[in-house]
Amino acid sequence: MTDEKDTPEMSRALEPRKAMISLLQSDKVKKAFATVVNEKFMTVERMLTLCMHAARKTPKLLDCEPQSVLGAMMTAAALNLEPNTTRGLCYLIPYNNSVYDRATRKKISKLECQFQIGYAGYEEMAWRNRDLVELQAEPLFSKDLFEREIGSNTHFRFVAARGDRGDLEGAFCFTKLNRGDGRTGEMSTFMARKDIERIRNSSQNFRYLLQRLEYAKKGDDASKVKWAQRSFDQQPWILWEDRMFRKTAIRRHLKEFPISDALSVAAGIDEASDQGRVKLDAMADPDFARDVIESGDLSSVIEGETVDEDGVVTQTDDGSVPDMDEATPEQQEPKPKGKRAAKAKAPEPQAQSEADPRQDGSIADVPAPKSAGKKAGKAGDMFDNRS
């Protein structure tokens, strides 16, 4: 009797993974990393080792579109953040995306890799600025002491309550910088719960899981409702709400009061990635990735659907109104067809791949990245010659 793992089908299924491993171990990829990695923060060898470890720890990364994998790795390298470690700086996450295929005019499933930054990653990048004297970011609860005044009598004070801190009401981020001549400047950002919830509602992962739960509740299958509820409850915005509040406040603060150009770029990429609007295939080209980080121009990297402040998709990539699979439950109700319409079950969105539950970023059901022009084509050559 032949063991299942030795069947020709299984061997063929493992071929793409072996090709991806060989690519990551090639001199071509090592030279590409050397183009973007700043050895003041990490060596090229360590970055390659961490990427290989991430791929072996999460085998689904090896099944993702190759350019999206290299693009996510190149983004981490360009920002000099260690991916998928216990420090929680940034994450390479496989996504099972529902993509519209213009050739067949149907939606197909495509596994891609996405890049997300944890709150620790923002703090790591901020402390690289020698003028930074202090950085504090915390979730704010109703029983905490919080005083903030801006203007001629700028004042900031925070004391966390002991024991029960009450209800989660928001989050803040505070920084103090050297301005020269012995002077310092203080900056603070406070985000109320309703403001952070608007950011949460723009997350594709949150909207996807909420949509799936609402659809399941409209059906008559209790097991699907239970499964959808469990998936919804296990997402970062539910499990680690205080951490997500903290990360959102840090990202908003560092985006509005840039301590460095790289931080502004990181915040822009991370926010767009959360909404599913980053083309990581373009970042697979090391020269392009370096130019994006140094110039701060994200126009050729970020695209996608337009999401308003309440998380409602108002326009897709091609300018059309979102269809049934993309609309939120409030936008369109499922319409059963046929004689059994009364007993028809509500349609269920496509299943999504799982990611490391320790991540601080959200898991998004993102649209497939489009071509980013001539520079993105260089990255494609790297994969075309990998055999």
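To be clear, the structure that these remarks concern was listed above.
Because the structure is predicted, anything quoted here is derived from the model rather than measured.

Calculation rules
Residues numbered from 1 in each chain as written. Predicted model: local features only at pLDDT ≥ 70, side-chain atom pairs only at ≥ 80, totals over all residues. Heavy atoms only, no water. Salt bridge = Lys/Arg side-chain N within 4 Å of Asp/Glu carboxyl O. Buried < 20%, exposed > 50% of the residue type's maximum accessible area, 1.4 Å probe, protein only. Pairing = 2+ DSSP bridges. Helix = DSSP H or I, 4+ residues; strand = E, 2+ residues; numbered from the N terminus. Core = buried A, V, L, I, M, F, W, Y, C linked by side-chain atoms within 4.5 Å. Contact = heavy atoms within 4.5 Å. Axes fitted to C-alpha atoms, helices over the stretch in contact; angles between N-to-C directions.

Q: Could you clarify how one ought to interpret the pattern of salt bridges in this entry?
A: Any two side chains of opposite charge can pair, given that their charged atoms come close. On inspection of all chains with the given rule, the structure shows 15 salt bridges. Notably, a salt bridge pairs Glu82 with Arg87, separated by 4.0 Å at the nearest N-O pair. In this structure Glu82 comes out as buried when scored by relative accessible area, which is 10%. Look at Arg87 and you get partly exposed, because its relative accessible area is 42%. Through salt bridges with shared partners, one network takes in Arg46, Glu82, Arg87 and Glu124.

Q: Quick question: what am I supposed to make of the pairing of strand S6 (residues 168–180) here?
A: Each regular strand shows side chains that alternate between the opposite faces of the sheet. Across nine bridges, strand S3 (residues 132–141) lies against S6 in antiparallel orientation. Each bridged residue has a counterpart across the sheet, and for Leu132 the counterpart in S6 is Leu177. Summarising the sheet, S6 and strand S7 (residues 183–192) pair through ten bridges and their orientation is antiparallel. Its bridge partner being in S7, Asn178 is matched across the sheet by Thr184. If you look at the hairpin formed by S6 and S7, you'll find two residues sitting between the two strands, and Asp181 has a positive phi there, around 60 degrees.

Q: I tried to follow the nonpolar core on my own but got confused; where do I start?
A: Note that soluble globular proteins tend to have their nonpolar side chains buried in a common cluster. Among the nonpolar cores identified, the biggest contains 68 residues, and Phe33, Val37, Met47, Leu79, Leu92, Phe115 and Met283 are the most heavily contacted of them. Considering every element that reaches this core, the biggest residue donor is helix H5 (residues 66–78), with eight residues. Not counting chain neighbours up to four residues away, the residues in contact with Val37 comprise Met42, Thr43, Val44, Met47, Ala77 and Asn80. The next biggest cluster of nonpolar side chains, apart from the first, holds 17 residues, and it includes Met191, Tyr208, Ala228 and Phe232.

Q: Just checking my understanding: could you explain the sheet that holds S6 for this structure?
A: Two pairing modes exist for strands in a sheet, parallel and antiparallel, and in both the strands are linked by backbone hydrogen bonds. An order of S3-S6-S7 is seen for the three strands of this open sheet, with the pairing classed as antiparallel. The open sheet is flanked by S3 and S7, the only strands paired with a single partner. Sheet twist, expressed as the average angle between the axes of neighbouring strands with direction ignored, equals 10 degrees. Sheet contacts for helix H11 (residues 241–256): S3, S6 and S7; angle to S6, the most-contacted strand, approximately 35 degrees.

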